[in-house]
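These are the residues of each chain, in order.
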Amino acid sequence: MTRQHTASHRSWLAWGMLGLLLLWSGGRLLANELRPANVPHPETEVRPGLHYTALDVQASGYADTGRAYLARIDLTAPDVELFVTPPDARTDSTAWYRLRYPWQVAWTHDLDLVVNGALFRPPRHGYWPFSWARGHHTTIADGTASHINPKSYLLWLTRDRVPHLTTERPAPDSVLAQAQWGMGGLVRELRDGEVHPRTQRNGTADNYTMIAACAETKQLWLAAFQDVTRGTAAQIVADQGATDGLILDGGGSTAFYMSHDVQNGLGGLHLGGGRPVATHVGVRVRAATP
């Protein structure tokens, strides 16, 4: 190859890389700016058994000034199905995942709602989609545990979708034998309707994702919070009716995405989603058979 051809090749390569960078930047801009303007928004059933609420936190009587996006899933609804990201196949027993954006997970698995899941170890070469990352807390996907973290509490559901929160760490074998879905976390921020004292003392406002449930009513909440403290996040889901809950990964990993197939025009990226993450929690509502 001549020097002239080499220079031309490098020039086309540079322009191609610039084009890809512009496309990526434009995609990020669309993802971050073209979100539905729906705060506050009263509770609305967007699919049978799937309800959506958005709160202006301060206007709702809380001390913080951020926003809350909440999905309440009626676990008694016959057409509701749950999804937890399973580990990708590896040659060892540690949970490894390919990083993905919430919309990728929603499209791939035909989900109506997706939030980010458990904490994971940052990948060595940055948060690039499809790069490998190792999960930190225990998760349960279709009856199989990713791995056992001795520091993980577990919010888990049986096959007939009854929610529970473990009182010991790690989750005992009796729980693992019954659990069909589950997400792990370090602190039981909400237990028996009460916010953990350590959580109440946390005054750092940030973005958080939370999973919570009420076994008595068989309701599950997936919620994402913008610029609130952990205590406020836990209190909000408690006021919605949850009795037990864990805060999952947060900060730049926080994401709340609803499919454009949901009713009332509420589909889209509501919060976060700019960073691909290892695990997700999702909900799929199957159309009723005529």
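All of the points below concern the structure found in this document. (Residues numbered from 1 in each chain as written. Predicted model: local features only at pLDDT ≥ 70, side-chain atom pairs only at ≥ 80, totals over all residues. Heavy atoms only, no water.)

Some points on the packing of aromatic side chains
Across all of its chains, the model carries five aromatic pairs by this definition. Arranged with centres 5.9 Å apart and planes meeting at 50°, the rings of tyrosine 52 and phenylalanine 256 form a pair that is tilted. With a gap of 204 residues between them, tyrosine 52 in strand β2 (residues 50-56) and phenylalanine 256 in strand β19 (residues 255-258) connect regions that are remote in the sequence. Its relative accessible area of 0% is what places phenylalanine 256 among the buried residues. Taken together, Tyr52, Tyr69 and Phe256 form an aromatic cluster joined through their ring pairs. Directly above the ring of tyrosine 127 sits arginine 275, whose terminal nitrogen or CZ lies 4.1 Å from the centroid. (Phe/Tyr/Trp six-rings, centres within 6.5 Å; stacked < 30°, edge-to-face > 60°. Helix = DSSP H or I, 4+ residues; strand = E, 2+ residues; numbered from the N terminus. Buried < 20%, exposed > 50% of the residue type's maximum accessible area, 1.4 Å probe, protein only. Lys NZ or Arg CZ within 6 Å of the ring centre and 35° of its normal.)

Observations regarding the sheet that holds strand β6 (residues 113-116)
Strand order in the open sheet made by the five strands is β4-β21-β6-β19-β20, with antiparallel pairing throughout. Since the sheet does not close on itself, it has two edges, and those belong to β4 (80-84) and β20 (268-272), each with one partner. With direction set aside, neighbouring strand axes in the sheet form an average angle of 10°. Taken together, the four bridges between β6 and strand β21 (residues 280-285) define a ladder with antiparallel strand orientation. Across the sheet, residue asparagine 116 finds its bridge partner in β21, namely histidine 280. Running at roughly 35° to β19, helix α2 (residues 102-109) makes contact with β4, β6, β19, β20 and β21 of the sheet. (Pairing = 2+ DSSP bridges. Axes fitted to C-alpha atoms, helices over the stretch in contact; angles between N-to-C directions. Contact = heavy atoms within 4.5 Å.)

Geometric descriptors of this kind do not, in isolation, establish any biological role.
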